[in-house]
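Examining the three-dimensional arrangement
Spelled out, the chains give:
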Amino acid sequence: MSGFYEGLEIGLDRDWLVIGRGRGADLVLAEPTISRAHAAIGWDGEGFFVQDLGSTNGTSVNGDPGHKIALVDGDEIQIGKLVLQMGLP
């Protein structure tokens, strides 16, 4: 939503997308407040969700922290100091 990655769009082409700063992540972001495997965005057959993967700084959606949170269009996902926005068709 702001900063170095502002405007970056990533299409979801799989049922499980790991976000982190480690080389093993599907989406690698160079941000020191993000864990190597911080969170994942997944599809469970009914809808998308974000799941924290045991990160140090946590994951929240629209300001509400949680371990596994359902997502809808326009939700703001915070991982570390980065804020991502979920866009669904």
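The structure this text deals with has already been given above.
Summary of the structure given here. (Residues numbered from 1 in each chain as written. Predicted model: local features only at pLDDT ≥ 70, side-chain atom pairs only at ≥ 80, totals over all residues. Heavy atoms only, no water.)

**Quick word on the overall build of the protein chain**
Counting its regular elements, the protein chain contains 0 helices and 9 strands. Mapped in sequence order, the helices and strands of the protein chain form the string β-β-β-β-β-β-β-β-β. Its C-alpha atoms give the protein chain a radius of gyration of 12 Å, within 12% of the compact-globule value 12 Å for 89 residues. For the protein chain, the spread of C-alpha atoms along the principal axes amounts to about 35 × 25 × 25 Å. Classification of the 89 residues of the protein chain by burial places 38% in the buried group. With an accessible surface of roughly 5600 Å², the protein chain has 49% of that area assigned to carbon and sulfur atoms. With 6 positive and 13 negative side-chain charges, the protein chain shows a spacing of 15 Å between the two charge centroids. (Helix = DSSP H or I, 4+ residues; strand = E, 2+ residues; numbered from the N terminus. Rg over C-alpha atoms; globule rule 2.2 N^0.38 Å. Buried < 20%, exposed > 50% of the residue type's maximum accessible area, 1.4 Å probe, protein only. Areas by Shrake-Rupley, 256 points an atom, 1.4 Å probe, with all protein chains shown as cover. Lys, Arg positive; Asp, Glu negative; His and termini not counted. Charge placed at Lys NZ, Arg CZ, Asp CG, Glu CD.)

**Here we look at the pattern of salt bridges**
Summed over all chains, the structure comprises 2 salt bridges. Here aspartate 26 ties to arginine 14 by a salt bridge, and the two come within 3.3 Å at their closest N and O atoms. Of this pair, aspartate 26 sits in the loop between β1 (16-20) and β2 (27-28) while arginine 14 sits in the segment before β1, placing them 12 residues apart in sequence. (Salt bridge = Lys/Arg side-chain N within 4 Å of Asp/Glu carboxyl O.)

**Things to note about the pairing of strand β4 (residues 48-52)**
When you tally the buried positions in β4, you get 4 out of 5 residues, the bulk of the element. Summarising the sheet, strand β3 (residues 39-43) and β4 pair through 5 bridges and their orientation is antiparallel. Among the inter-strand pairings, alanine 39 is bridged to a residue of β4, identified as aspartate 52. Here β3 hands over to β4 after 4 residues, with glycine 45 in that stretch at a positive phi of 95°. Looking at chain direction, β4 and strand β7 (residues 68-70) are connected through 3 bridges and run antiparallel. Looking at β7, one finds that glutamine 51 is bridged to lysine 68. (Pairing = 2+ DSSP bridges.)

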